[in-house]
Amino acid sequence: MAYDSNDHHKNYINAEKGIWSWMTTLDHKRIGVMYLFATMFFFAVGGIFAMLVRLELFKPGPFFSPDTYNKFFTLHGAIMVFMFIIPIIPAALGNFFLPIQIGAKDVAFPRLNLLSWYIFVTGSLLLVFSIVSGGVDTGWTFYTPYSIRTATSVILATLGVFVLGFSGILTGLNFVTTIHKLRAPGMTFHRMPLFLWAIYATAIIQVLATPVIGITTALLVMERVLHIGFFDPKLGGDPVLFQHFFWFYSHPAVYIMILPGMGIVSEVITAFSKKHIFGYHAVAYSSLAIAGISFIVWGHHMFVSSQSPLANFLFSLLTMLVAIPTAIKVFNWTATMYKGSISLKTPMLYALSFLFLFTIGGLTGLFLAAISVDVHLHDTYFIVAHFHYVMMGGTVMGLLAGLHYWWPKMFGRMYPEKWGKLSCALTFIGFNLTFFTQFWLGKMGMPRRYHDYLPEYTPLNIASTVGSWFIGAGMLIMFIYFIWSLFKGKRASENPWGGKTLEWTIESPPTTHNFHKEPVITTGPYEYGELKTTGEA
Ligand code: HEM
Ligand SMILES: [Cu+2]
């Protein structure tokens, strides 16, 4: 079945019919769509828990019981991190666009790809089942010794994380192999779209870091079930060891979360500025640099956990290094827009939101990397604000930029532009109301993870909760118009944005084999003709 189809009405969606054809599909695009639906569903579930957390904090005094509150924020965090933000961009959008952007028919191991999806669903079900069987109250970090001693469903939840990890590792392996082996003739590394450099760097972290969380959760389960002392002092273990293991994975994991978002922003900013990206090589290699440095900074989560002053000093210094490749990207995106012909469509609005919010998130990370500041701000709402500015202000905004950008290609239908802008505006305003206030609360000393607070924190908490309603409204509108557009949206042309990467040269939606004949690549990914001003390859 080589490139033989010239029937233009057949595409990957209607090529085969019935639920079974989806459940057994080996098509990377269908698998990407299946990931998209699953992860967006979990985004909604995690979002509902977030609204409940904010509801409790609307005013002092209990609304839910303290125990219920603990379960809400744990499930919110665990679902958002492990079932939404880590998988969604690589597994949904990466799966769909990686093969197309290198001019290939599929990923290197299509069966493994499908298996990864099933593993993902299995892990997610285990985690979801922990909700039904009483919930978990440890926080998404599962810190010991509490996680050894609590009577809640820690075993189910950590098994879920363990299984989900395999899905990520296998997807990462698949992507690294695909990029090395299946690039079309002429598609050199330096002609790859920057989204793929980001996905490549991410895949390397996924393969190298994820086994560590797998082993850590396995040890935790062994300690709970067999009472072997790894982490609990009562059994002769060391709780700080858990923190080392946990962050040895979870700091690199925050780059699993952000790098793909950065990759999307590189695509969207060039496409909507109609300009060659400024500093292609710098942006590409900074992804690899970030991936490398991400492995040697984990101790910045443990400045107050009995680390030696020397270790603290070194981790502080190394953490600050991350800012260099990060700032290189921010600079180059900004320079790309300079004198560009900018069109403020929804994807670009989300990309600009990313730029603005991620910069605040990254800069506050630098504050926290300074030990003397972190000692005061550790475990306060300042931390909550910092990581939401990077994870939601960064990754989620990048994801939504990419989702709107690629929606016409994936489903052959346009989303409604006016509603897109409205939803983006609501989300942006709501986001800042929800989380900027938390920097302030943290600075005033409000601790994180408490179900109640002192009266002096009330006004800012009210503002924060009201902000969460704006976000909720914005996201609800988006969910509705996306589903509406699947059936009623205006038909999309091949290239509604004038993009220059390979996916814009094929039909919307693509055929099962992507290309009618194998493309031969002779130019770089961002050749916007006469507006090309940087003179780079
Ligand atoms: C310039 C880059 C960054 C720097 C310098 C930085 C620095 C830090 C530091 C020092 C902390 C520890 C604060 C404490 O607990 O006392 C921290 C916490 C955190 N950061 Fe970042 N960060 C950066 C980017 C990111 C990114 C890109 C993400 C995610 C996408 C992220 C997610 C988090 C999370 C989730 C926590 C809190 C974890 C927890 O205790 O639950 N950070 N960051
Ligand atoms: Cu970190």
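Colleague: I'd like a rundown of the coordination of the copper ion (ligand 2), residues and numbers included.
Modeller: Only His251 (ND1), His300 (NE2) and His301 (NE2) from the protein coordinate the copper ion (ligand 2), and they sit 1.8 to 2.0 Å from it. Each donor residue of the copper ion (ligand 2) lies on the same chain, and together they follow the pattern H-x48-H-H. Between the copper ion (ligand 2) and the iron atom of ligand 1, a spacing of 4.6 Å is present. Within this pair, whereas His251 is found in helix H8 (residues 239–273), its partner His300 is found in the loop between helix H9 (280–293) and helix H10 (309–337), the two being separated by 49 residues in sequence. Of the two residues, His251 and His300, neither departs from the other in class, the shared state being buried.

Colleague: Go over empty space enclosed by the protein, please, and point to the residues and values.
Modeller: All chains considered together, the criterion is met by two cavities of 30 Å³ or more. The volume enclosed by the largest cavity comes to roughly 200 Å³. In this structure, the largest cavity is lined by 18 residues; those nearest its centre are Ile86, Pro87, Leu164, Gly168 and Gln206. The set of elements that each furnish at least two residues to the lining of the largest cavity consists of helix H3 (66–101), helix H6 (154–181), helix H7 (194–226) and H8.

Colleague: Explain the site of ligand 1 to me, using residue names and the numbers behind them.
Modeller: Surveying the vicinity of ligand 1 reveals 22 residues, the closest of which are Trp247, Asp374, His378, His386 and Arg448. Contact distances for ligand 1 include 3.3 Å between an oxygen atom and a side-chain N or O atom of Trp140. For ligand 1, the cavity whose grid points lie within 2 Å of the majority of its atoms is the largest pocket. For the shell around ligand 1, the secondary-structure elements that each account for two or more residues are H8, helix H11 (346–369) and helix H13 (381–411). Partitioned by chemical class, the residues of the shell around ligand 1 number 13 nonpolar, seven polar and two charged.

Colleague: Any details on the coordination of the iron atom of ligand 1? Residues and values, ideally.
Modeller: Protein coordination of the iron atom of ligand 1 is limited to a single donor, His386 (NE2), positioned at 2.2 Å. If you trace the backbone, His386 turns up in helix H13.

Colleague: If you had to explain a nonpolar patch on the surface to someone new, which residues and values would you point to?
Modeller: On the surface, a cluster of nonpolar side chains totalling about 330 Å² of accessible area is made up of Met222, Val225, Leu226 and Ile228. Mapped onto the fold, Ile228 is located in the loop between H7 and H8. Under the relative-accessibility criterion, Ile228 is labelled partly exposed at 34%.

Colleague: So what about the environment of Val161? Which residues, and what values?
Modeller: With respect to the helices and strands, the residue Val161 is situated in helix H6. The class of Val161 is buried, set by a relative accessible area of 3%. Along the primary structure Val161 and Phe120 are separated by 41 residues, whereas in three dimensions their C-alpha atoms are 9.6 Å apart. Setting aside residues no more than four positions away along its own chain, Val161 makes contact with Phe82, Leu127, Phe142, Ile213 and Thr217.

Colleague: Give a detailed account of H9, specifying residues and quantitative values.
Modeller: In a regular helix each residue adds 1.5 Å, so 14 residues correspond to 20 Å; H9 covers 20 Å between its end C-alpha atoms and thus fits that length. As for H9, its buried residues are in contact with H7, H8 and H10.

Colleague: Report on the nonpolar core, specifying residues and quantitative values.
Modeller: If you look at the biggest cluster of nonpolar residues, it comprises 165 residues, and the most contacted ones within it are Phe82 and Met410. Among the elements that make up this core, the one with the highest residue count is H3 (22 residues). When neighbours within four sequence positions are excluded, Met410 is seen to be in contact with Tyr12, Ile13, Val33, Leu36, Leu93, Phe96, Phe97 and Pro509.

Colleague: Which residues make up the packing of H8 against H11, and what are the values?
Modeller: Two elements in contact, H8 and H11, have axes whose closest approach is 9 Å; the angle formed by their N-to-C orientations is 130°. Here H8 lies oblique to H11, going by the angle between them. Crossing of H8 against H11: the hand is left-handed. Contacts between H8 and H11 pair Ile258, Gly261, Met262, Val265, Val268, Ile269, Phe272 and Ser273 from the former with Pro347, Met348, Ala351, Phe354, Leu355 and Phe358 from the latter. Among the residues making up the contact of H8 with H11, the classes are represented as twelve nonpolar, two polar and no charged.

Conventions we followed
Residues numbered from 1 in each chain as written. Chains lettered and ligands numbered in written order. Predicted model: local features only at pLDDT ≥ 70, side-chain atom pairs only at ≥ 80, totals over all residues. Heavy atoms only, no water. Donors = N, O, S within 2.8 Å, 3.2 Å for Na, K, Ca; no water. Helix = DSSP H or I, 4+ residues; strand = E, 2+ residues; numbered from the N terminus. Buried < 20%, exposed > 50% of the residue type's maximum accessible area, 1.4 Å probe, protein only. 1 Å grid on protein atoms, 1.4 Å probe; cavity = no way out; pocket = protein on both sides within 12 Å on 5 of 7 lines; lining within 4 Å. Points joined across faces, edges and corners; volume = space filled by probe spheres on them. Near = heavy atom within 4 Å. Polar contact = N/O pair within 3.5 Å; in protein donor to acceptor, adjacent residues only side chain to side chain. Sits in = over half its atoms within 2 Å of the grid points. Nonpolar A, V, L, I, M, F, W, Y, C, P; charged D, E, K, R; others polar. Patch = residues over 30% accessible without salt bridge, like charges linked within 9 Å, V, L, I, M, F, W, Y side chains within 5 Å. Areas by Shrake-Rupley, 256 points an atom, 1.4 Å probe, with all protein chains shown as cover. Salt bridge = Lys/Arg side-chain N within 4 Å of Asp/Glu carboxyl O. Contact = heavy atoms within 4.5 Å. Expected span 1.5 Å × (residues − 1). Core = buried A, V, L, I, M, F, W, Y, C linked by side-chain atoms within 4.5 Å. Axes fitted to C-alpha atoms, helices over the stretch in contact; angles between N-to-C directions. Parallel < 35°, antiparallel > 145°, perpendicular 65-115°, else oblique. Left-handed = near helix turned anticlockwise from the far one by under 90°.

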